[in-house]
Amino acid sequence: AKLCEKDEEQDGDKEESEEETSEEEDDDEEESGEEESGSSDTMSLELAFDEENRIAGVTGTVVLGVRCFPSGLQLNDACRDRLVKDCAAVFTARSKKKGKYSSGSTFWVAVGSQPESGIEHLALSIFNEHTKNAQFKAEVSGAEWWTQVISSDDEIGFHWDRDYTLEIDHGFCAHPYLGTVTYLSDCGAATVVCDRDGVLQSTDQVSGQFSTAFVSPPKVGKHMSFDGKWLHGASTDIMTVPGAPGSKRVTLLVNVWLNHQPLGVEPLPDTFRSKLSTERYPGVTLVEESIAELVVDSTVQERTIEFESRKLLMRVPPSLPQGGAKLVYAEDSKGSVVA
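Being a predicted model, the structure only gives us computed values, none of them experimental. (Residues numbered from 1 in each chain as written. Predicted model: local features only at pLDDT ≥ 70, side-chain atom pairs only at ≥ 80, totals over all residues. Heavy atoms only, no water.)

With reference to specific residues and values, describe the overall build of the chain.
Regarding its fold elements, the chain presents four helices and 22 strands. Looking at the 339 residues of the chain, the share that counts as buried comes to 54%. When the accessible surface of the chain is totalled, it reaches about 15,200 Å², and 44% of it is carbon and sulfur. (Helix = DSSP H or I, 4+ residues; strand = E, 2+ residues; numbered from the N terminus. Buried < 20%, exposed > 50% of the residue type's maximum accessible area, 1.4 Å probe, protein only. Areas by Shrake-Rupley, 256 points an atom, 1.4 Å probe, with all protein chains shown as cover.)

Which residues make up the pattern of salt bridges, and what values go with them?
When charged atoms on two side chains of opposite charge get close, those side chains can pair. Enumeration according to the criterion identifies 14 salt bridges in this entry. Linking R82 and E279 is a salt bridge whose minimum nitrogen-to-oxygen distance equals 3.9 Å. Of the two residues, R82 sits in helix α1 (residues 77-90) while E279 sits in the loop between α4 (270-273) and β18 (293-296), which places them 197 residues apart along the sequence. Between E120 and R273 there is a salt bridge; the shortest N-O distance is 3.0 Å. Separated by 153 residues along the polypeptide, E120 in helix α2 (residues 118-131) and R273 in helix α4 bring together distant segments of the chain. Given the relative accessible area of 15%, R273 is considered buried. (Salt bridge = Lys/Arg side-chain N within 4 Å of Asp/Glu carboxyl O.)

Can you lay out the sheet that holds β18 for me, pointing to particular residues and giving the numbers?
In spatial order, the strands read β10-β16-β12-β14-β21-β18; together these six strands make up an open sheet with mixed pairing. Whereas interior strands pair on both sides, the edge strands pair on one side only; in this sheet they are β10 (156-159) and β18. Mean inter-strand twist for the sheet, computed between neighbouring axes without regard to direction, equals 25°. (Pairing = 2+ DSSP bridges. Axes fitted to C-alpha atoms, helices over the stretch in contact; angles between N-to-C directions.)

A description of the nonpolar core should follow, citing residues and the corresponding values.
One finds L83, W145 and L184 to be the most contacted residues of the largest nonpolar core, which totals 37 residues. The element contributing the most residues to this core is α2, with six residues. Ignoring any residue separated from it by four or fewer positions in sequence, one finds L83 in contact with L73, L75, I119, L122, L184 and Y281. With 26 residues, the next largest nonpolar core counts A190, V300, I305 and Y329 among its residues. (Core = buried A, V, L, I, M, F, W, Y, C linked by side-chain atoms within 4.5 Å. Contact = heavy atoms within 4.5 Å.)

Now, about the pairing of strand β9 (residues 142-151): what can you tell me, with residues and values included?
β9 sits mainly inside the fold: nine of its 10 residues count as buried. Relative to β9, strand β7 (residues 107-110) runs antiparallel, the two sharing four bridges. From the neighbouring strand, V109 faces β9, where its bridge partner is A143.

Give a description of unusual backbone geometry that names residues and reports values.
At E308, a position not held by glycine, the phi torsion is positive, near 45°. Counting through the fold element by element, E308 comes out in the loop between β19 (302-307) and β20 (310-315). E308 gets classed as buried once you look at its relative accessible area, which sits at 10%. Of note in the backbone geometry, S309 takes a positive phi value of approximately 60° without being a glycine.

Provide a residue-level description of the sheet that holds strand β4 (residues 67-69), including the pertinent values.
Across the sheet, which stays open at both edges, the six strands sit in the order β4-β15-β11-β17-β9-β7 with antiparallel pairing between neighbours. What marks the edges here is a single partner per strand, and that holds for β4 and β7. Across the sheet, the mean angle separating the axes of adjacent strands is 20° when strand polarity is ignored. Docked against the sheet, α1 engages β7, β9 and β17 (248-257), running at close to 95° with respect to β9. The strands touched by α2 within the sheet are β4, β7, β9, β11 (178-183), β15 (223-227) and β17, with β17 carrying the most contacts at an inclination of about 50°.

Can you explain α2? Please cite residues and give values.
In an α-helix there are 3.6 residues to a turn, and that puts residues three or four apart on one side. Here α2 is 14 residues long and its end C-alpha atoms lie 20 Å apart, about the 20 Å a rise of 1.5 Å per residue gives. Of all the 14 residues making up α2, 11 are buried; the element is thus mostly covered by neighbouring parts of the structure. Within α2 the residues assigned to the buried category are G118, I119, E120, L122, A123, L124, S125, I126, F127, H130 and T131. (Expected span 1.5 Å × (residues − 1).)

Tell me what's going on with the environment of Q114, and back it up with residues and numbers.
Position of Q114 relative to the elements: it lies in the loop between β7 and α2. In this structure the C-alpha to C-alpha distance between Q114 and L124, which are 10 residues apart in sequence, comes to 9.2 Å.

Can you tell me about the side chain of D163, naming the residues and giving the values?
In this structure, D163 sits in the loop between β10 and α3 (164-170). Despite its burial, D163 pairs with no opposite charge; the closest candidate is R162, at 9.0 Å N-O. (Lys, Arg positive; Asp, Glu negative; His and termini not counted.)

Quick rundown of the packing of aromatic side chains? Include the residues and the values.
Counting across every chain of the model gives eight aromatic pairs. Taken together, a centroid distance of 6.4 Å and an interplanar angle of 15° make the contact between F214 and W230 stacked. On the criterion of sequence distance, the pair formed by F214 in strand β14 (residues 212-216) and W230 in strand β16 (residues 230-241) is long-range, its members being 16 residues apart. For the pair F214 and W230, a shared accessibility class is recorded, and that class is buried. (Phe/Tyr/Trp six-rings, centres within 6.5 Å; stacked < 30°, edge-to-face > 60°.)

The values are spatial; any link to function lies outside them.
Dropping the structure here:
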């Protein structure tokens, strides 16, 4: 599939236009929180998608699927406290009601840039670590990043990360190559990732089954990555780690974009950057730990979770290992998304 759009200005005859910003859907985590905006006055856009509906042109190796690194980010207490403070300073999601957050802003760090703040440097280092064996167009690749600092008893609805402005303006749903979560607290809802792809065009049918789901509870310093096309969220209904009264679930989210910068996602404004530490944080270390694998059959009760005007049907054992699990569904017990 290929998208080509080009709006040209005639010399001496420039017409300015404003496009209204659309309000995003509320259920976003570990959702890319980019705010939707209209196209620029003059825009040339060409995007090609491969047979797997990924942005085309990437060669080499990017490890997809779900990977968990329990000690991926090693921080001493002072360093962790500083990073949590930075996360809170840039957290722009606005609480609307229990368990649902509007998206706020996401920020861009370009490949080859020299970030001034420590948290931007960390976001770019996460991108670099996951893409070190891949080849891509550096000038349109980079890290889209944001933070979540929410109550430990709240959750964030299921969703697919995508370029929301591209979807609104052109009807195509470009997804990041990878999504990543870095946990900075030991409490709150587990991240749940289902191997159900998002669609290429907004008019495509998204309903269907999935055969595996991954449950990752928060743990300070844990880093996980997953296919950027997959459905995910943070659900207390599936698994949660209790926290003390008033405690926060703190995460740093970094989406890896290759050969495309999401429309409307810009570098961190100076008004935010001035609030952040310039000290560097350690980079992530991708040393994997095997995750417990559980076969789930029809004897396990099915749960229904509503999201984005859809329903997620999945079976989850009543007790899960403390470190989380990979749920492998028997043929007669697969999970499904229902429109």
